[in-house]
Amino acid sequence: MAQIIDGKKISQQIKDELKEKVESLKAEGKSGALAVIQVGEDPASSVYVRNKKNACAYIGIESLAYELPEDISEEELLELIAKLNGTKQVKGILVQLPLPKHICEDKVIQAISPSKDVDGFHPQSVGAMTIGEPGFLSCTPAGIIQLLKRSGIEISGKRCVVIGRSNIVGKPMALLMLREDATVTIAHSKTQNLKEICKEADILIVAIGKPRFIGAEYVKEGAVVIDVGIHRDENHKLCGDVKFEEVEPVAFAITPVPGGVGPMTIAMLMNNCVQSIEED
Ligand code: NAP
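Residues numbered from 1 in each chain as written. Predicted model: local features only at pLDDT ≥ 70, side-chain atom pairs only at ≥ 80, totals over all residues. Heavy atoms only, no water.

1. Things to note about the site of the ligand
Note the cut-off: Being near a molecule or strand, for a residue, comes down to having at least one heavy atom within 4 Å of it. Definition of a polar contact: a pair of N or O atoms within 3.5 Å, with one able to donate and the other able to accept a hydrogen when the atoms are protein atoms, and with sequence-neighbouring residues admitted only if both atoms are side-chain atoms. What sets the accessible areas is the Shrake-Rupley method with a 1.4 Å probe; for residues, cover comes only from the shown protein chains. Polarity classes work like this: nonpolar for Ala, Val, Leu, Ile, Met, Phe, Trp, Tyr, Cys and Pro, charged for Asp, Glu, Lys and Arg, and polar for all others, with Gly in that last group.
Around the ligand, the surrounding shell holds 23 residues, and the nearest of these are Arg 165, Ser 166, Ser 189, Lys 210 and Thr 265. Contact distances for the ligand include 3.4 Å between a nitrogen atom and a backbone N or O atom of His 188. Interatomic distance of 3.3 Å between a backbone N/O atom of Ile 230 and an oxygen atom of the ligand. Within the complex, 71% of the 930 Å² of free accessible area of the ligand lies under protein. In the shell around the ligand, the residues fall into 10 nonpolar, 10 polar and 3 charged.

Structural data, given as structure tokens:
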């Protein structure tokens, strides 16, 4: 039976460590708030925003909620970000994505001061990560590194295949695995012989965005499989990009959905907020 990598437990450990750190920072007179901006009322975004506010409350940092109407102009949103960039108590700014079509996401991401870019999406944060300079790391990939390390899984020297090359998951994931000395291959929709490439992986990270796409035929016996996908299946049950029941018997270790990668993203967002308060 494969080791089930417990993201719920590991994310709780991280949040408990952060809670202690926030207390000691407060004792040094250091505190700060996370500004969370939501445009419109998309139900999935509302759930993510609520979870982020709850995590702030748990670790003991203030969260400031900005719930803006769907038809707010790009200019007004950029003005709010500029105001928050200049507000000393605000140490992190998060704009919940996706945004309505009339607002350019890249423009919004680039308007956030890199010193408050706790999502790690600003080109300066991405550049810093690429060359190994200090900066905020993209939360989901950073969470996966923590899952591996805290589960005792060696990364250095291992062959890693990342399926997916999005700016928020696949690309930063591959860079962070490289930084941990893995030998990394990135696969995407134009990749040929995907099965053969995946079968070479000691660590297979799946961020393909297609429900239950990866079956046992893609996985080498004894590989570690990380499933980033989140979907609702035909019965409205959560599932990932991996066929868990089929892959689990072949794998050495595997993340479940839910309870694997998902909870780590918020824990790492909190980590970035605490880092921002600490560095101020
Ligand atoms: P995305 O932007 O849709 O990217 C999917 C990637 O998979 C693309 O690079 C695409 O290649 C590649 N791909 C698609 N079909 C493929 C195929 N048949 N063979 C090989 N590669 C293929 O998705 P994302 O934002 O990275 O997210 C991926 C998944 O993770 C989604 O299910 C999302 O909901 C989930 N997610 C979870 C968390 C979390 O906290 N757990 C956070 C973020 C995302 P091309 O570039 O060639 O199109």
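2. Quick notes on helix α1 (residues 7–27)
Since the α-helix turns once every 3.6 residues, residues separated by three or four places project in the same direction. As a reminder of what qualifies: Strands here are runs of E lasting at least two residues and helices are runs of H or I lasting at least four, both read from the DSSP assignment and numbered beginning at the N terminus. Working rule for helices: expected span equals 1.5 Å times residues minus one. Relative accessibility decides the category of a residue: with a 1.4 Å probe and only protein chains considered, values under 20% of the type maximum give buried, values over 50% give exposed, and everything between is partly exposed. The arc in question is traced by the directions running from the helix axis to the C-beta atoms. The contact criterion used throughout is that any non-hydrogen atoms of two residues lie within 4.5 Å.
Between its first and last C-alpha atoms α1 spans 30 Å; for 21 residues at 1.5 Å apiece the expected length is 30 Å, and the two agree. Burial in α1 covers these residues: Gly 7, Ile 10, Ser 11, Ile 14, Lys 15, Leu 18, Val 22 and Leu 25. Each buried residue of α1 lies within a common arc of 135° when the element is viewed along its axis, so the set occupies one face. More than 90 degrees from the buried face of α1, the exposed residues found are Lys 9, Glu 20, Glu 23 and Ala 27. Those residues of α1 hidden inside the fold are in contact with α2 (43–59), α6 (139–150) and α10 (262–279). Residue Asp 6 occupies the N-cap position of α1, its side-chain oxygen lying 3.2 Å from the main-chain nitrogen of Lys 8.

3. Points about the domain arrangement of the protein chain
Definition in use: Residue ranges for the domains trace back to a domain assignment, done automatically or taken from a database.
The domain boundaries assigned to the protein chain delineate domain 1 (29–115) and domain 2 (139–262). On a C-alpha basis, the centroid separation for the pair domain 1 and domain 2 is 29 Å.

4. Digging into a negative patch on the surface
To keep it simple, the criterion reads: Patch membership requires over 30% relative accessible area and the absence of a salt bridge. Like charges are linked within 9 Å, and nonpolar side chains (Val, Leu, Ile, Met, Phe, Trp, Tyr) within 5 Å. When a carboxyl oxygen of Asp or Glu lies within 4 Å of a side-chain nitrogen of Lys or Arg, that pair is called a salt bridge. This count recognises Lys and Arg as positive and Asp and Glu as negative, with His and chain-terminal groups excluded. The location of each charge is read from NZ of Lys, CZ of Arg, CG of Asp or CD of Glu.
A surface patch of like charges, here negative, comprises Glu 41, Asp 42, Glu 70, Asp 71, Glu 75, Glu 76 and Glu 79. Mapped onto the elements, Glu 79 comes out in helix α3 (residues 74–85).

5. Considering the sheet that holds strand β11 (residues 253–254)
The line we're drawing: When DSSP finds two or more bridges between a pair of strands, those strands are recorded as paired.
As summarised here, the arrangement of the 6 strands in space is β1-β11-β8-β7-β5-β6, forming an open sheet in which the pairing is parallel. Sheet topology places β1 (3–4) and β6 (183–187) at the edges, where each strand pairs with a single neighbour. When strand β7 (residues 203–206) meets strand β8 (residues 224–227), the two strands line up parallel, connected through 4 bridges. Residue pairing in the sheet places Val 206 in a bridge with Asp 227 of β8.

6. Topic: the packing of α1 against α6
Worth spelling out the cut-off: Axis lines are fitted to C-alpha atoms, over the contacting stretch for helices. Their N-to-C directions set the angle, which ranges from 0 to 180 degrees. Orientation labels follow simple angle bins: below 35 degrees gives roughly parallel, above 145 gives roughly antiparallel, 65 to 115 gives roughly perpendicular, and whatever is left gives oblique.
For the pair α1 and α6, the least separation of the axes is 10 Å and the interaxial angle reads 100°. Taken together, α1 and α6 sit at an angle that is classed as roughly perpendicular. Seen from α1, the contacting residues are Gly 7, Ile 10, Gln 13, Ile 14 and Glu 17; seen from α6, they are Gln 146, Leu 147 and Arg 150.

7. A word on unusual backbone geometry
Put simply, Leu 97 and Pro 98 share a cis peptide bond, and its omega is 0°. Relative to the elements of secondary structure, Pro 98 occurs in the loop between β4 (90–95) and α4 (105–111). Residue Val 257 is joined to Pro 258 through a cis peptide bond whose omega torsion reads 0°. Tracing the chain through its elements places Pro 258 in the loop between β11 and α10. Not every positive phi belongs to a glycine, and Asn 193 is a case in point at roughly 55°. One non-glycine residue, His 236, adopts positive backbone phi at about 70°. Looking at the element boundaries, His 236 is found in the loop between β9 (231–232) and β10 (238–239).

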